[in-house]
Amino acid sequence: MDPTQIILVSMIRFPSVVLLFLLVGTIRAQDPTIKEERLLYVDPMIGTQRMGHVYPGATVPFGMVQMSPDTDTLPYAVDSKYNPEVYRSCSGYQYDDSTIVGFSHTHFSGTGHSDLGDILLMPTTGPLQMNPGTAAAPQSGFRSVFHHASENATPALYSVLLEDQGIRASLTATTRVGMHRYTFPRTETGHVILDLVHGIYNHADKNVWTFVRIENDTLVTGYRQTNGWGRTRTVYFAMAFSEPIMHYGQQPDARPTEYRGFWRKFDQTKDFPEMAGRQLRAWFDFEMHAGEQLLVKVALSSVSTDGALRNMAAEVPHWDFDRVVREGQDAWRKELDRIKISSRDPDVLKNFYTAMYHSCLSPTVYMDVDGQYRGLDQNVHKAEGFTNHTTFSLWDTYRALHPLFNIIQRERSSDLINSMLAHYDQSAHHMLPIWSHHANENWCMIGYHAVSVIADAHEKGITGFDVQHALDACVATARHRSFEGLGDYIDLGFVPEDRSGSSVSKTLEYAYDDHCIARMARSMRQETIATEFLTRSGKYVYLFDPSSGFMRPRLIDGTFLTEFDPLDTHQKGFIEGNAWNYSLYVPHRTMELVQIMGGWIRFREHLDSLFTMQLDDKYFAKTEDITRDGIMGNYVHGNEPSHHVAYLYNYSDRPWMTGKRVRDVLDQMYAPKPDGLSGNDDCGQMSAWYIFSALGFYPMCPGSDRYELGSPVVHSAMIPLPDNKAFHIWARKQGPKNVYVRAVKLNGAVLGRTYITHAEIMAGGTLEFEMSAKPPKH
């Protein structure tokens, strides 16, 4: 009998009970303060298929360990050329794959380039196989077939049946320790493969060196140094088994070497307690009985194996797997409770709380329990008074993720800024991070958006960092003339395309970042700096071409680039976008942009065309970060440069269209299913956009105190605030067709503007939206 039949029968036999049940359900849908298990609304599988690039494995909020299955061994290059197939597995996992190679301990969430996949373990039985095999012939190696029906992913717990071996593998984690539980199907010798060859975005020369040491019959230590996206990255590990190792050995690097030293006198392939080489796989044998479980703890450190051991002793001194799961899920409950929403639509609840989950996966803690970490200078440092973090995907996350933290993760925001300042202090270039991870600057993407993150935090009252030092770091970074055309930008007011590519995108983003510096300097009464960067922030106008109505690349001689197609994402001058979308990127001087584009009516017509025209596939065929999944008309939600665009209607003659467009994006670009993310989640930015927009407001210009109003999809929400305050949001007459906002009240008074301020949110109170199926008449 299905739930509908149960309700119908119950209505006949117990009508008063059913009425009470429905009444309680209605109250629960309207009141977000009612205690509820929000963990049930999180589905880590959302975004694991196609473009989302998230991983489904076990981790805790901002954890240094991200335990997850890796589903293939795609190389970065084939015949010395980039292999585009590797893009689909940036997180190590792709939902459409049918095999699992093993379980590694480090992963990025939602990126469009990749690295990591460190310290892969795979349990097996039967004849020992030391190669992973292929997806087409999994029986040729140690990988295994799996099916989603026997796979389960929840916060802090992942499990799957490895069908070729009949082994049930379960994973959980603390901040610095991953824990495996392997349940063996029958009495026989069980193997655990330690694959230090494996990696994400792997290539033949990625491993610089690997080392393994057998400390005793239950403890193994070692490290791996790689040259990938992070070109000098070292991961130390300590691995403890719950059962004694019977025998162990290695598959040595098969590649020839000119020097073998006097190690050649030993047989190092079996029961030899030291292993070293560039391409190293080891095996460990255990006597297992039917239904018996083997537990494995793997602790990581950037400092030393001793640091990894201390991390293990501090975080998991026991063998209680279920306890680690419980503690991890308690940590997730705390994060999910930072915003409490209600909705009658279960899809909204799943999308929202999964977005909350994804927004807490990055940045990641990067230090041992004693505060030590490897710095950008490759020396060991100690974080004093803050928790050091890494994984700063700043081109993405400055837009909404960091502003979200400035409301609901204020102490962590301080930690993140101190981490960026430590990066600056250790940088040979004397620059803040651009895109940094694991003691490396990888220089991915453009702009210097750490300044936006710092300025936004300062604007919104985040404390606990040296404000003057932060401003000095911002200024030094923005004056670094050798960086990405910055010298020409300082001298000319724009980046010339014939001197530095992606010139329009760079100029527009530099101008915005400069505005952030100017605003921060002015608030600190440093007028000379404020004037310098305020002037710089307005020079974006040099790139506006009145004849075409778009921002257009200029050359060093001042002329516009002749070959120009505003629809083409491959067009010179732009990165991961086209002129239609990028020309709207002036968030710091929006009214000025409206005027140069012809006034608020013409501006709105331009926005209407953007959302309703059809963009042919040929215009993004060679841009792997843009696919049909994330496109509405010519608006590209699947990539970040357009994330503010729907809110620009607030600066037109029809501001109510903001609500319509925002709701269209919420409905069409997000869904509670594996392919439910329309583009790379990019370390939480795509998810943070959903969180803000679902609540009804968005930080269109981080670094300012404003949030543009949109159209909430929740029925109500409550954000707990410091000092026992709370900010409440109510959407009256909410429904799938009621996407327009007829009126807004703040604390009972009509709000005669299209934005609210950070101070108004943090003061606590109530924001009320009156929803309607029709736009207002005026």
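This text follows the structure it describes.
Everything numeric here is computed off the predicted structure, so don't read it as measured data.

Helix and strand counts for the protein chain come out as 19 helices and 39 strands. Within the protein chain, contacts between residues at least 6 apart in sequence are counted, and of these 69% link residues at least 24 apart. For the protein chain, the exposed surface amounts to about 28,800 Å²; the carbon and sulfur share of it is 52%. On the protein chain, the mean spot of the 73 positive side-chain charges and the mean spot of the 90 negative ones are 5 Å from each other.

This part is about the sheet that holds strand E15 (residues 233–241). Spatial ordering of the open sheet is given by E8-E9-E10-E11-E19-E15-E14-E13-E17, a layout of nine strands whose pairing is antiparallel. Strands at the two margins of the open sheet, each flanked by one partner only, are strand E8 (151–154) and strand E17 (274–277). Between one strand axis and the next, the sheet turns through 15° on average, direction left out of account. With four bridges connecting them, strand E13 (residues 207–214) and E17 associate as antiparallel partners. Across the sheet, residue arginine 213 finds its bridge partner in E17, namely glutamate 274. Where helix H3 (residues 305–315) meets the sheet, it contacts strand E11 (177–183), strand E14 (219–226), E15 and strand E19 (293–301), and its direction lies at approximately 50° from that of E15. Of the strands in this sheet, E8, strand E9 (157–162), strand E10 (167–173), E11 and E19 touch helix H4 (residues 321–336), which is tilted by about 45° from E10.

Turning our attention to the environment of alanine 299. For alanine 299, the position within the fold is in strand E19. A relative accessible area of 0% places alanine 299 in the buried class. Taking the C-alpha atoms as reference points, alanine 299 and tyrosine 398, separated by 99 residues in sequence, lie 31 Å from one another. Contacts of alanine 299, omitting those with residues within four sequence positions, involve Arg176, Val177, Tyr236, Phe237, Ala238, Ala308, Asn311 and Met312.

Scanning the entire structure with this criterion turns up zero disulfides. Lacking any disulfide linkage, cysteine 701 is separated from the closest cysteine sulfur, that of cysteine 516, by 6.0 Å. Under the relative-accessibility criterion, cysteine 701 is labelled buried at 9%.

Once that is clear, we can look at the packing of helix H10 (residues 467–478) against helix H13 (residues 527–537). The contact between H10 and H13 brings their axes to 12 Å, and the two run at 40°. Classed by the angle they form, the pair H10 and H13 counts as oblique. As H10 runs across H13, the sense of the crossing is left-handed. Counting all contacts with H10, which are made through Leu471, Val475 and Ala478, the residues of H13 involved are Ile529, Phe533 and Arg536. Considered class by class, the residues forming the contact of H10 with H13 number five nonpolar, no polar and one charged.

Within a pair of aromatic rings, the relevant descriptors are the distance that separates the centres and the angle that separates the planes. Enumeration according to the criterion identifies 35 aromatic pairs in this entry. Note on tyrosine 448 and tyrosine 510: the rings are 5.2 Å apart at their centroids and 20° apart in plane angle, and the pair reads as stacked. Remark: tyrosine 510 occurs in helix H12 (residues 503–523) and tyrosine 448 occurs in the loop between strand E27 (440–441) and helix H9 (450–459); sequence separation between them is 62 residues. When sorted by exposure, tyrosine 448 lands in the same class as tyrosine 510, which is buried. Ring geometry for phenylalanine 692 and tyrosine 698: centres 6.2 Å apart, planes at 85°, overall edge-to-face. Just as phenylalanine 692 is buried, tyrosine 698 falls in that class too. Its guanidinium or amino end placed over the ring of tryptophan 319, lysine 297 lies 4.2 Å from that ring's centre, counting from NZ or CZ.

Let us now look at the environment of lysine 382. As for its placement among the helices and strands, lysine 382 is situated in strand E23 (residues 380–382). Note: C-alpha distance between lysine 382 and glutamine 372 (10 residues apart in sequence) is 4.2 Å. Not counting the four nearest positions on each side in its chain, lysine 382 is found in contact with Asp370, Gly371, Gln372 and Tyr373.

Here we take up helix H17 (residues 657–669). Helix length check: H17, at 13 residues, gives a terminal C-alpha distance of 18 Å against a target of 18 Å (1.5 Å per residue), a fit within 8%. Taken across its 13 residues, H17 has 10 buried, putting it largely inside the fold. Listed in full, the buried residues belonging to H17 are Met657, Thr658, Gly659, Arg661, Val662, Arg663, Asp664, Val665, Leu666 and Met669.

Moving on to the pairing of strand E6 (residues 120–125). Put simply, side chains in a regular strand alternate between the two faces of the sheet. Along E6, six of the six residues are buried, which leaves the element largely enclosed by surrounding structure. Burial along E6 is two-sided: the face carrying Leu120, Met122 and Thr124 and the face carrying Leu121, Pro123 and Thr125 are both buried. In this sheet, strand E12 (residues 188–195) lies alongside E6 in antiparallel orientation, the contact comprising six bridges. What sits directly across from leucine 120, in E12, is aspartate 195.

Here serine 452 lies in helix H9. Contact partners of serine 452, with chain neighbours within four places excluded, come to Tyr398, Tyr512, Asp513, Cys516 and Pro702.

Interhelical geometry of H17 versus helix H18 (residues 685–695) gives an angle of 130° and a closest axis separation of 10 Å. If you check the angle between H17 and H18, you find them oblique. As for the relative orientation of H17 and H18, their crossing is left-handed in sense. Of H18, the residues touching H17 (which contributes Val662, Val665 and Leu666) are Trp689, Tyr690, Ser693 and Ala694.

By the definition in use, this model includes 41 salt bridges. Across the pair arginine 499 and aspartate 488 runs a salt bridge whose closest N-O atoms are separated by 3.1 Å. Of this pair, arginine 499 sits in the loop between helix H11 (486–492) and H12 while aspartate 488 sits in helix H11; the two residues are 11 residues apart in sequence, bridging distant segments of the chain. The closest approach of N and O atoms between glutamate 768 and arginine 732, which form a salt bridge, is 3.3 Å. Placement of the pair is glutamate 768 in strand E39 (residues 765–772) and arginine 732 in strand E35 (residues 725–732), with a sequence separation of 36 residues. A single network of salt bridges, built from pairs that share partners, joins Asp115, Asp118, Lys206, Arg224 and Arg233.

Spatial strand order, E32-E33-E38: three strands in an open sheet with antiparallel pairing. Sheet topology places strand E32 (697–698) and strand E38 (755–757) at the edges, where each strand pairs with a single neighbour. By the bridge criterion, two bridges tie E32 to strand E33 (residues 706–709) in an arrangement that is antiparallel. Following the sheet pairing, phenylalanine 697 is matched in E33 by leucine 709.

Counted at 1.5 Å a residue, the expected span for helix H5 (residues 346–359) with its 14 residues is 20 Å, and the 20 Å between its end C-alpha atoms agrees. The buried fraction of H5 amounts to 11 of the 14 residues, a majority that puts the element mostly inside the structure. Residues of H5 that are buried: Val348, Leu349, Asn351, Phe352, Tyr353, Thr354, Ala355, Met356, Tyr357, His358 and Ser359. Its side-chain oxygen placed 2.9 Å from the backbone nitrogen of aspartate 347, aspartate 345 serves as the N-cap of H5.

What counts and what doesn't
Residues numbered from 1 in each chain as written. Predicted model: local features only at pLDDT ≥ 70, side-chain atom pairs only at ≥ 80, totals over all residues. Heavy atoms only, no water. Helix = DSSP H or I, 4+ residues; strand = E, 2+ residues; numbered from the N terminus. Contact = heavy atoms within 4.5 Å. Areas by Shrake-Rupley, 256 points an atom, 1.4 Å probe, with all protein chains shown as cover. Lys, Arg positive; Asp, Glu negative; His and termini not counted. Charge placed at Lys NZ, Arg CZ, Asp CG, Glu CD. Pairing = 2+ DSSP bridges. Axes fitted to C-alpha atoms, helices over the stretch in contact; angles between N-to-C directions. Buried < 20%, exposed > 50% of the residue type's maximum accessible area, 1.4 Å probe, protein only. Disulfide = S-S within 2.5 Å. Parallel < 35°, antiparallel > 145°, perpendicular 65-115°, else oblique. Left-handed = near helix turned anticlockwise from the far one by under 90°. Nonpolar A, V, L, I, M, F, W, Y, C, P; charged D, E, K, R; others polar. Phe/Tyr/Trp six-rings, centres within 6.5 Å; stacked < 30°, edge-to-face > 60°. Lys NZ or Arg CZ within 6 Å of the ring centre and 35° of its normal. Expected span 1.5 Å × (residues − 1). Salt bridge = Lys/Arg side-chain N within 4 Å of Asp/Glu carboxyl O. Polar contact = N/O pair within 3.5 Å; in protein donor to acceptor, adjacent residues only side chain to side chain.

Nothing here speaks to function; it is geometry throughout.
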